[in-house]
Amino acid sequence: MSATDETEVIIIGGGIAGAGAAFEISRSAKVVLLERESHCGYHTTGRSAASFTENYGNGVIRRIVLASRAFLTEPPTGFSDYPLLAKRGMITVARSDQLDLLHQELEAARALVPSIVAMTPAEAIARVPVLRADYLAGAYIEPHSMDIDVNGLHQGYLRGARSRGAKIVTDAGVEAIDRQGGQWRVETPAGTLLAPRLVNAAGAWGDEIAVMAGVRPIGLLPKRRTAFNIPAPTGVDITEWPLVNDVGAEFYFKPDAGQLLVSPADATPSVPMDAYPEDIDVAIGAERLGQATTIEVQRVSRSWAGLRTFVADGSPVVGPDDEVPEFIWLVGQGGYGIKTSPALSRVCASLIGGGGLPDDVARQGVALSDLTPQRLRGAGLHKASAS
């Protein structure tokens, strides 16, 4: 990038949201994507549990995921050398004191995903033999939940955007933003960019970018999520195990490259930062795993943390700002950004192009008012916290 370049759309943030937006917007506009780190996807995107489930998140999230499945199942020709989805399945488990919640969740889940069915404790233990019979009181299974190749999806977006002429600029943290004469001026260590439209895909830093641009923040709340790997139980083949998720969002675990990935499903409010795991959260995850299974954690191979960023109603924020329409939001994915990225990227591109929701997204029951930032204005929602 030269000292000052002009383009049509500047995207700030090279994670899955920004990369997907660049892929879709570059079909019809000249795009430059700016990433503050030395490579794209360093923060939350690179720390995902890599699970595609249609039964996780609020109703809006679940409908967006349904609209994303077709892309992930059959990506465009040349997008990826390997399938983006792989069979995994997900079992949701409950203790005796969680059975009422399990029944409520099962009823709600089947309304959107009819393939989800109840399991007996014995059936769940047959699939995952380490589950404790004296712990498990009920379960249900989402048989078509999948693993996502996060890197394959992310790199496919970036490669596809470049093939359409988009520029991906790393080590380009935003230092200043102003708007003059119908143009955004974005200053970075890599040079200065001018463009009439600016997409804010900065994740946990989204409100900070808005303030720099003179746009009212929307109340983004980053929350830390911890995960760690442990060796698989000795002599046990875990390859075909499904992901096991606690109905009360207290833990989950799944096979991960020959080991087990475990999380206490924590959601600790945080400032925007390069998140790191706290020892206490790893210990809590190990304790909960030990209560639900016969696994005793002797050694943690690796631990990490990422930030899942929410707004008050738990749904993503996508679309032009209601006060500064040349500033386009693409934030607040709440930890669901990988599996929602195909649909949300197309929504963002359509709204930038002056269109409405893509037909397939609308058919899932998603309304524009579910996504645009205007819903967060006026009623004080931007000051509330999300769970």
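Our subject is the structure listed above.
Residues numbered from 1 in each chain as written. Predicted model: local features only at pLDDT ≥ 70, side-chain atom pairs only at ≥ 80, totals over all residues. Heavy atoms only, no water.

1. With respect to the pairing of strand β8 (residues 138-142)
Item 1. Burial of β8 is extensive: 5 of the 5 residues sit out of reach of the surface.
Item 2. By the bridge criterion, 5 bridges tie strand β6 (residues 90-94) to β8 in an arrangement that is antiparallel. Its bridge partner being in β8, M90 is matched across the sheet by E142. (Buried < 20%, exposed > 50% of the residue type's maximum accessible area, 1.4 Å probe, protein only. Helix = DSSP H or I, 4+ residues; strand = E, 2+ residues; numbered from the N terminus. Pairing = 2+ DSSP bridges.)

2. Notes on the sheet that holds strand β4 (residues 51-52)
Item 1. Spatial ordering of the open sheet is given by β4-β9-β5, a layout of 3 strands whose pairing is antiparallel. Among the strands making up the open sheet, the edge pair consists of β4 and β5 (85-87).
Item 2. Here β5 pairs with strand β9 (residues 146-148) via 3 bridges, running antiparallel. Residue L85 lies in a different strand from β9, and its bridge partner there is I148.

3. Let's talk about the packing of aromatic side chains
Any two aromatic rings considered together are summarised by their centre-to-centre distance and by the angle between their planes.
Item 1. What the rule picks out here adds up to 10 aromatic pairs.
Item 2. Between F251 and F253, the aromatic rings sit 6.5 Å apart at their centres with planes inclined by 10°, giving stacked as the arrangement.
Item 3. With a relative accessible area of 2%, F251 lands in the buried category.
Item 4. Put simply, the rings of F23, F71, F79 and Y157 touch in pairs and so form one group of aromatic residues. (Phe/Tyr/Trp six-rings, centres within 6.5 Å; stacked < 30°, edge-to-face > 60°.)

4. Comments concerning the pattern of salt bridges
Item 1. Summed over all chains, the structure comprises 17 salt bridges.
Item 2. One salt bridge in this structure joins D97 and R95, with 2.9 Å as the shortest N-O distance.
Item 3. Here D266 and R225 are joined by a salt bridge, their closest N and O atoms 4.0 Å apart. Of this pair, D266 sits in the loop between β18 (259-263) and β19 (268-269) while R225 sits in strand β15 (residues 221-231), and the two are 41 residues apart along the sequence. When sorted by exposure, D266 lands in the same class as R225, which is buried.
Item 4. Through salt bridges with shared partners, a single network forms among R88, D147 and K254. (Salt bridge = Lys/Arg side-chain N within 4 Å of Asp/Glu carboxyl O.)

5. Some thoughts on the packing of helix α2 (residues 59-73) against helix α3 (residues 99-112)
Item 1. At a closest axis distance of 11 Å, the pairing of α2 and α3 adopts a crossing angle of 35°. Once α2 is placed against α3, the crossing between them reads as right-handed. Residues R62, R63 and L66 of α2 touch α3, and the partners they reach there are E105, A109 and L112. (Axes fitted to C-alpha atoms, helices over the stretch in contact; angles between N-to-C directions. Left-handed = near helix turned anticlockwise from the far one by under 90°. Contact = heavy atoms within 4.5 Å.)

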